[in-house]
Amino acid sequence: MQYYTCMVCGRKFYEGQGIILTISDKKLYFHSKGCAYKFLRVVIENSNTDCISDSLEITIKNFREKLESKSKASEKKI
Ligand SMILES: [Zn+2]
């Protein structure tokens, strides 16, 4: 069975256990959500804010819409 090494803490994990992300042709390996969060937070902090402000805006909008449709769906049930 193939295993991967967490890029943050160095722990080993097997396929299907951790989190594997592909961002701009780079594979990122994390054994847990906590390690993925730690890594991505640093990526964001080190990013040029001009570069990410658009995708940040879109992501905020996407989640907001999801929340709104969710609350609408629960309203219908009542
Ligand atoms: Zn880890």
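Scoring rules and cut-offs
- Each residue is numbered by its place in its chain's sequence as written, counting from 1.
- In keeping with the predicted nature of the model, local features appear solely for residues at pLDDT of at least 70, side-chain atom pairs appear and are counted solely at 80 or more, and the whole-chain, interface and lining totals rest on all residues.
- Segmentation into domains, and thus their bounds, comes from an automatic or database assignment.
- Here a helix means four or more residues in a row that DSSP labels H or I, a strand means two or more in a row labelled E, and each is numbered from the N terminus.
- Whether two residues are in contact is decided by their C-beta atoms, placed from the backbone, lying within 7 Å.

### Things to note about the domain arrangement of the chain
In step 1: Its domain assignment divides the chain into domain 1 (1-46) and domain 2 (48-78).
In step 2: For domain 1 and domain 2, the distance between their C-alpha centroids amounts to 25 Å.

### Some thoughts on the environment of Cys-35
In step 1: Inspection of the secondary structure assignment puts Cys-35 in helix 1 (residues 33-46).
In step 2: Sequence-wise, Cys-35 and Ile-52 are 17 residues apart; in three dimensions their C-alpha atoms are separated by 21 Å.
In step 3: For Cys-35, the residues in contact, after removing those within four places along its chain, are Cys-6, Val-8, Cys-9 and Phe-30.

### Examining unusual backbone geometry
In step 1: One non-glycine residue, Ser-24, lies in the positive phi region at around 40 degrees.
In step 2: Residue position: Ser-24 is located in the loop between strand 3 (19-23) and strand 4 (26-30).
In step 3: Non-glycine residue Asp-25 carries a positive phi angle of around 65 degrees.
In step 4: In this fold, Asp-25 is placed in the loop between strand 3 and strand 4.

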